[in-house]
Amino acid sequence: MQKKKFSLTQLIFMALMAAVMCIAGPLAVPIGPVPITLTNLVIYIAVGVLGTAQGTISYCLYLLLGMVGLPVFSGYAGGLGKLAGPTGGYLIGFIFMALICGLFIEKWEKKIYMHFIGMVLGTAVCYVFGTAWLAYTAHMGFAAALAAGVIPFIPGDLVKIIIAMIAGPIIRKQLKRAGLN
């Protein structure tokens, strides 16, 4: 099996998207145990512009930077303690969200409604990981964790999906036009 190698341009774009996540991730609106952040918006755009593998790698790079202690998570936090805390399940769930979103976007490149379905499905999977971990770490029932970590986020996440569905193709088209994608 041949290993896929990334070009220098692809590596730069993966690092760039990870850097954007590092800027957007700490900006948080605390509304309870789970804050509102822009991390998922950047992930939607990353997989829409770079593709499944590169977008997911971008997120994993961001996650690793946070795990080693850089203050890139919500509230300018970093370290393994953030993964062990109430939002750790969402941070892990974002990996699966990126994979699912990216796969839908790549498989149905011309079917925008499938992009929406993929983003909603990916977000739902992230919600499951996050809700389960929130319930466990905060010692609350699953319904209470849903009320704290999912229900308030649905309208905003739908807006983020729509923004990504508009911005992603525009950015990708401009990169292609410039010969960079």
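Located above this text is the structure these notes cover.
It should be emphasised that the depicted structure is a prediction, and the values quoted were computed from it without experimental measurement.

K.L.:
I tried to follow the nonpolar core on my own but got confused; where do I start?
P.N.:
Considering soluble globular proteins, one finds that nonpolar side chains tend to be buried as a cluster. Tyr 59 and Met 119 are the most contacted members of the largest nonpolar core, which has 42 residues in total. Elements represented by at least two residues in this core include exactly helix H1 (8–24), helix H2 (39–50), helix H3 (52–67), helix H5 (88–107), helix H6 (112–137) and helix H8 (154–177). In terms of residues, this core owes the most to one element, H2, which gives nine residues. Not counting residues up to four positions away in its chain, the partners in contact with Met 119 are Tyr 44, Cys 101, Ile 105, Ile 161, Ala 164 and Met 165.

K.L.:
Would you take a moment to explain the packing of aromatic side chains for this structure?
P.N.:
Pairs of aromatic rings are described using the distance from one ring centre to the other and the angle between the two planes. Following the criterion strictly, the structure yields six aromatic pairs and no others. Each ring, one from Phe 104 and one from Trp 108, has its centre 5.1 Å from the other, and the planes form 50 degrees; the classification is tilted. A relative accessible area of 26% means that Trp 108 is categorised as partly exposed. Aromatic rings pair up to connect Tyr 59, Tyr 62, Phe 73 and Phe 94 into one cluster. Seen from the ring of Trp 108, Lys 107 lies directly overhead, with NZ or CZ sitting 5.4 Å from the centre.

The rules we used
- Residues numbered from 1 in each chain as written.
- Predicted model: local features only at pLDDT ≥ 70, side-chain atom pairs only at ≥ 80, totals over all residues.
- Heavy atoms only, no water.
- Core = buried A, V, L, I, M, F, W, Y, C linked by side-chain atoms within 4.5 Å.
- Buried < 20%, exposed > 50% of the residue type's maximum accessible area, 1.4 Å probe, protein only.
- Helix = DSSP H or I, 4+ residues; strand = E, 2+ residues; numbered from the N terminus.
- Contact = heavy atoms within 4.5 Å.
- Phe/Tyr/Trp six-rings, centres within 6.5 Å; stacked < 30°, edge-to-face > 60°.
- Lys NZ or Arg CZ within 6 Å of the ring centre and 35° of its normal.

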